[in-house]
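Spelled out from the first residue to the last, the chains are:
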Amino acid sequence: MNSLRDKVVIITGASSGIGMAAAQAFAAQGAKVVIAARSIEKLIALEHQLSHLTEVLPVKADVTSEQDCKNLVEHTVARFGKIDILVNNAGISMRAMFRDLDLSVIKNLMDVNFWGTVYCTKYALPHILKTQGSVVGVISIAGFKGLPARTGYSASKFAVYGFLDTLRIEHLKDNLHVMIFAPGFTASNIRESALTADGSHQGTTPRDESKMMSAEECANHLIRGIKKRKAQVVLTFIGKLTVLLNKFIPRVVDRLEYNFMKKEPDSPLK
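About the thresholds
- Residues numbered from 1 in each chain as written.
- Predicted model: local features only at pLDDT ≥ 70, side-chain atom pairs only at ≥ 80, totals over all residues.
- Heavy atoms only, no water.
- Phe/Tyr/Trp six-rings, centres within 6.5 Å; stacked < 30°, edge-to-face > 60°.
- Helix = DSSP H or I, 4+ residues; strand = E, 2+ residues; numbered from the N terminus.
- Buried < 20%, exposed > 50% of the residue type's maximum accessible area, 1.4 Å probe, protein only.
- Pairing = 2+ DSSP bridges.
- Right-handed = clockwise from strand over helix to strand, strands pointing away.
- Patch = residues over 30% accessible without salt bridge, like charges linked within 9 Å, V, L, I, M, F, W, Y side chains within 5 Å.
- Areas by Shrake-Rupley, 256 points an atom, 1.4 Å probe, with all protein chains shown as cover.
- Salt bridge = Lys/Arg side-chain N within 4 Å of Asp/Glu carboxyl O.
- Lys, Arg positive; Asp, Glu negative; His and termini not counted.
- Charge placed at Lys NZ, Arg CZ, Asp CG, Glu CD.
- Core = buried A, V, L, I, M, F, W, Y, C linked by side-chain atoms within 4.5 Å.
- Contact = heavy atoms within 4.5 Å.
- Axes fitted to C-alpha atoms, helices over the stretch in contact; angles between N-to-C directions.
- Parallel < 35°, antiparallel > 145°, perpendicular 65-115°, else oblique.
- Left-handed = near helix turned anticlockwise from the far one by under 90°.
- Nonpolar A, V, L, I, M, F, W, Y, C, P; charged D, E, K, R; others polar.

*Asks:* Help me understand the packing of aromatic side chains in this model?
*Replies:* Two aromatic rings, taken as a pair, are described by how far apart their centres are and by the angle between their planes. Inspection of every chain in the model, using the stated rule, returns four aromatic pairs. Measuring from ring centre to ring centre gives 5.3 Å for Phe144 and Tyr161, while their planes differ by 75 degrees; the resulting arrangement is edge-to-face. Taken as a pair, Phe144 in the loop between β5 (134-138) and α5 (151-170) and Tyr161 in helix α5 lie far apart in primary sequence, 17 residues in all. Under the relative-accessibility criterion, Phe144 is labelled buried at 17%. Judged by relative accessible area, which is 23%, Tyr161 ranks as partly exposed.

Rendered as structure tokens:
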């Protein structure tokens, strides 16, 4: 895929962070962009920002609702007649020890991160198979290696990895492109909106966002991966190193990861 011009792209979680940056990057390359999120006000603001570049369709959608995901696909096909790329980006995080965690938090994370991906992919897949297009899942390094104090987050991202990896194998003969995209630590609002042990929002980030990869740079990597039809993209030095070392010295990585994460301000790790 050398050009994205006139490709129809659906992006979930498009109202902020990586999703918004991806919408901007796709629009700059001439793709027709369908932006989905729970806040229609933020989507309309983004539509106004991008409308001079391309056609933009904002669709209010909560990915935990199967009907919303179905409606998202139906609105897209009604407007543009096809779907070339689905970017399953909507997601939430958490920070708490499992022993302290209300189980509703894990259910919430699975509903958004895993089931949101499943629902959107289920209804978009017949259309993407027709265009021999791309299904993308934005996961995390936590989808390759368990992240302490993020049991629900890691579980949901591991689940997305397994789902999409299997989907790729099922459609090997259909020329379906399936890409698992793991950004690593990227500047976004995901840590501010992360859930605590009782399900309330964390409200502030425990990390220095200015030292992370920008959402814009992350979006550019996403587009390059789609153009090259890569099966997997892992970003950042720490992310790549973690995935590599875990293949050979997983118990050492356990200790390194624990010590790294416990340095966060107010870390639940001791």
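*Asks:* For this particular structure, what's the right way to read the pairing of strand β6 (residues 177-182)?
*Replies:* On a regular strand, each side chain points to the face opposite its neighbour's, so the side chains alternate between the two faces of the sheet. Most of β6 is tucked away, with six of its six residues classed as buried. The side-chain alternation of β6 yields two buried faces, one formed by His177, Met179 and Phe181 and the other by Val178, Ile180 and Ala182. Examined bridge by bridge, β5 and β6 share five bridges and lie parallel to one another. Opposite Val136, over in β6, you have Met179 as the bridge partner. Handedness of the β5-α5-β6 crossover: right-handed. Note that β6 and strand β7 (residues 232-234) share three bridges and pair parallel. Bridging from a neighbouring strand, Ala182 pairs with Val234 of β7.

*Asks:* What should I look at first to understand a positive patch on the surface in this one?
*Replies:* Taken together, the side chains of Arg224, Lys228, Lys230 and Lys240 present a region of like positive charge at the surface. On the secondary structure map, Arg224 appears in helix α6 (residues 215-227).

*Asks:* Where do I start with the nonpolar core in this structure?
*Replies:* Judged by nonpolar contacts, the single largest core of 49 residues is most densely connected at Val34 and Met94. Take this core: its biggest share by element is ten residues, from helix α4 (residues 103-131). Those residues within four positions of Val34 in sequence are excluded, and the remaining contacts are Val8, Val9, Ile10, Ile11, Leu57, Val59, Leu72, Thr76 and Phe80. Ile11, Ile35, Ile226 and Leu235 belong to the second-largest nonpolar core, a separate cluster that totals 34 residues.

*Asks:* How should the packing of helix α1 (residues 17-28) against helix α2 (residues 40-50) be read in this particular structure?
*Replies:* For any two helices packed against each other, the geometry is given by the interaxial angle and the distance between the axes. The contact between α1 and α2 brings their axes to 11 Å, and the two run at 25 degrees. With respect to their mutual orientation, α1 and α2 come out roughly parallel. Note on packing geometry: the crossing formed by α1 with α2 is right-handed. When α1 is examined against α2, the residues Met20, Ala23, Gln24 and Ala27 are found in contact with a partner set consisting of Leu46, Gln49 and Leu50. Taken together, the residues that form the contact of α1 with α2 break down as five nonpolar, two polar and no charged.

*Asks:* What exactly am I supposed to notice about the pattern of salt bridges here?
*Replies:* Two side chains bearing opposite charge may form a pair once their charged atoms approach each other closely. Taken as a whole and judged by the stated rule, the model has eleven salt bridges. Across the salt bridge formed by Asp6 and Lys32, the nearest N and O atoms sit 3.5 Å from each other. Taken together, the residues span a long stretch of sequence, with Asp6 in the segment before β1 (8-12) and Lys32 in strand β2 (residues 32-37) at a distance of 26 residues. Note on Asp6: relative accessible area 41%, which makes it partly exposed. On the accessibility criterion, Lys32 (17% relative accessible area) is buried. The partner of Lys32 in a salt bridge is Glu55, with the nearest N and O atoms 3.0 Å apart. In this pair, Lys32 sits in strand β2 while Glu55 sits in the loop between α2 and β3 (56-60), placing the two residues 23 residues apart along the sequence.

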